[in-house]
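The primary structure of each chain is shown beneath.
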Amino acid sequence: MVAGTVIRNLLERVSDCLSPGSRLIVKDIDTNPAYKRWFTYVLDKMMDYKTPVHYWPRQELSSLLENLGFEVFQHTITDYLPYPHLMYICRDQRSAMAAAPAAAYQVAKGHA
């Protein structure tokens, strides 16, 4: 588990490493519904009671990813246990836009 205070820096560094057109998958725990969050919290504390636990509200993490230049699609992961798993499928729009002129040039020149 990564502390909430370092998430932005981590995501910035990861996005800087992506190739044009790359995707980033982030799996996290949603904060709603509360009973699922508490179920997950108890399990996390049983694994390591000393580690701080931080779950991002869906909109807050999605906004952070969008502010870093990602187009974000959210996918709720269903499980038979009450886990509020959430997957963020992100496309780096900056990389895709930067790659578009080069790709168009290659197509125009017949090198695609």
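A brief look at the structure comes next. What you are looking at is a predicted structure, and each value in this text was computed from that prediction instead of being measured.

On to the overall build of the chain, then. A count of helical and extended segments in the chain gives 4 helices and 3 strands. Going residue by residue from the N terminus, the α and β elements of the chain occur as α-β-α-α-β-β-α. Across the 112 residues in the chain, those meeting the buried criterion constitute 28%. The long-range share in the chain, meaning contacts at least 24 apart out of those at least 6 apart in sequence, stands at 62%. Summed over its atoms, the accessible surface of the chain is roughly 7500 Å², and 59% of this surface lies on carbon and sulfur atoms.

Take the packing of helix H1 (residues 7–17) against helix H3 (residues 58–67) next. H3 packs onto H1 with a crossing angle of 40° between their chain directions and a minimal axis gap of 10 Å. In terms of orientation, H1 lies oblique with respect to H3. The chirality of how H1 crosses H3 is right-handed. Counted together, Ile7, Arg8 and Leu11 of H1 and Leu61, Leu64 and Leu65 of H3 form the full contact between these two elements.

Let us now look at the packing of aromatic side chains. Counted by the stated rule, this structure contains 2 aromatic pairs. On the basis of an interplanar angle of 75° and a centroid distance of 5.4 Å, the ring pair of tryptophan 38 and tyrosine 41 is categorised as edge-to-face. Of this pair, tryptophan 38 and tyrosine 41 are both found in helix H2 (residues 34–47), 3 residues apart, which corresponds to roughly one turn of the helix. Using a relative accessible area of 48% as the deciding quantity, one classes tryptophan 38 as partly exposed. Given the relative accessible area of 30%, tyrosine 41 is considered partly exposed.

Looking now at the environment of tyrosine 83. With respect to the element layout, tyrosine 83 can be found in the loop between strand S2 (70–76) and strand S3 (85–92). Note: C-alpha distance between tyrosine 83 and tyrosine 35 (48 residues apart in sequence) is 9.2 Å. Those residues in contact with tyrosine 83, other than ones at most four positions away along the chain, are Lys36, Phe39, Thr40, Leu43 and Ile77.

Sheet architecture is open: 3 strands sit in the order S1-S3-S2, paired in antiparallel fashion. In this open sheet, the two strands that pair with only one neighbour each are strand S1 (23–29) and S2. In this sheet, neighbouring strand axes are inclined to one another by 20° on average, regardless of whether the strands run parallel or antiparallel. Pairing geometry for S2 and S3, over 7 bridges, is antiparallel. Considered in S3, the bridge of phenylalanine 70 is made with aspartate 92. H3 contacts S1, S2 and S3 of the sheet and is inclined by roughly 150° relative to S2.

Analysis parameters
The residue numbers shown here count from 1 along each chain, following its written sequence. At least 70 in pLDDT is required for a residue's local features to be given in this predicted model, at least 80 for side-chain atom pairs to be given and counted, and no such filter applies to totals for whole chains, interfaces and linings, which use all residues. As a convention, hydrogens and water are excluded, and side-chain values are obtained from all of the structure's heavy atoms. Helix and strand assignments come from DSSP, with helices taken as H or I runs of at least 4 residues and strands as E runs of at least 2, each series counted from the N terminus. Buried means the residue's accessible area, taken with a 1.4 Å probe over protein chains only, is under 20% of the maximum for its type, while exposed means over 50%, and partly exposed covers the values in between. Residue contacts follow a heavy-atom distance rule, with two residues in contact if any of their heavy atoms lie within 4.5 Å. Computed with a 1.4 Å probe, the accessible areas rest on the Shrake-Rupley method; for each residue, only the protein chains presented here act as cover. Lines fitted to C-alpha atoms define the axes, with helix axes restricted to the stretch in contact, and inter-axis angles between N-to-C directions lie between 0 and 180 degrees. Working definition: roughly parallel below 35 degrees, roughly antiparallel above 145 degrees, roughly perpendicular at 65 to 115 degrees, and oblique for all remaining angles. In this scheme, a crossing is called left-handed if the near helix is turned counterclockwise away from the far one by less than a right angle; it is called right-handed if the turn is clockwise. Here a Phe, Tyr or Trp ring, Trp counted by its six-membered ring, pairs with any other such ring whose centre lies within 6.5 Å, and the pair is stacked when the planes are under 30 degrees apart, edge-to-face when over 60, and tilted otherwise. Strands pair, by our definition, only if DSSP identifies at least two bridges between them.

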